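What follows is each chain in one-letter form.
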Amino acid sequence: MTYNQMQPAHPAQPATPGAGADVKTFLTAVLLTFGVGLLMMDGWALLSSGFGAFLGLVGGGFGVFWWRHIHGKVFPRELSTKSVVVLAVINIALALLLFLVAG
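Anyway, here's the lowdown on the structure attached to this text. No experiment lies behind these values; they were computed from the predicted model shown. (Residues numbered from 1 in each chain as written. Predicted model: local features only at pLDDT ≥ 70, side-chain atom pairs only at ≥ 80, totals over all residues. Heavy atoms only, no water.)

### Looking at the nonpolar core
Short version of the rule: Buried Ala, Val, Leu, Ile, Met, Phe, Trp, Tyr and Cys residues that are joined via side-chain atoms within 4.5 Å together make up what is termed a nonpolar core. Each residue's exposure class comes from its accessible area (1.4 Å probe, protein chains only) as a fraction of the maximum for that residue type: buried when under 20%, exposed when over 50%, partly exposed otherwise. Strands here mean DSSP runs of E at least two residues long; helices mean DSSP runs of H or I at least four residues long; both are numbered from the N terminus. A contact between two residues is defined here by any heavy atoms of the two lying within 4.5 Å.
Among the nonpolar cores identified, the biggest contains 6 residues, and these are L31, L32, W67, L79, V84 and L87. Of all the secondary structure elements, the ones that give two or more residues to this core are α1 (19–47) and α3 (81–102). When residues no more than four places from it in sequence are discounted, the contact partners of L31 are V84, L87, A88 and N91.

Structural data, given as structure tokens:
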């Protein structure tokens, strides 16, 4: 009779994020930066002064703070596609608002 010794179980290795995670992080950085700039331009266009741009900058700062509160980091390594899509939709809405006000 042969006795087979049990091999120790190897713990599961966490999946390393691939190129998709890097692309989502890059898009998040671009969209957050672009969104704060759009918010500043919207404030300038609505109030016709630098104070409006300042208010847009303050609003953008609060938006980035809120984003960090929701995701734990400003640019998290693991980010859902839904978050990036929502950020893109917000940027589109800000751009449309700017075109309507400036046009």
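### Quick word on α1
Counted only if it meets this: Every helix has an expected span of 1.5 Å times one less than the residues it contains.
Given a rise of 1.5 Å per residue, 29 residues ought to cover 42 Å, and the 42 Å separating the end C-alpha atoms of α1 matches this to within 8%. Restricting attention to buried positions, one finds in α1 the residues A21, T25, T28, L31, L32, G35, V36, L38, D42 and G43. Against the buried residues of α1 lie α2 (50–71) and α3. Once α1 ends, the next one or two residues include S48, with phi positive near 55 degrees.

The analysis is restricted to geometry; functional conclusions fall outside its scope.
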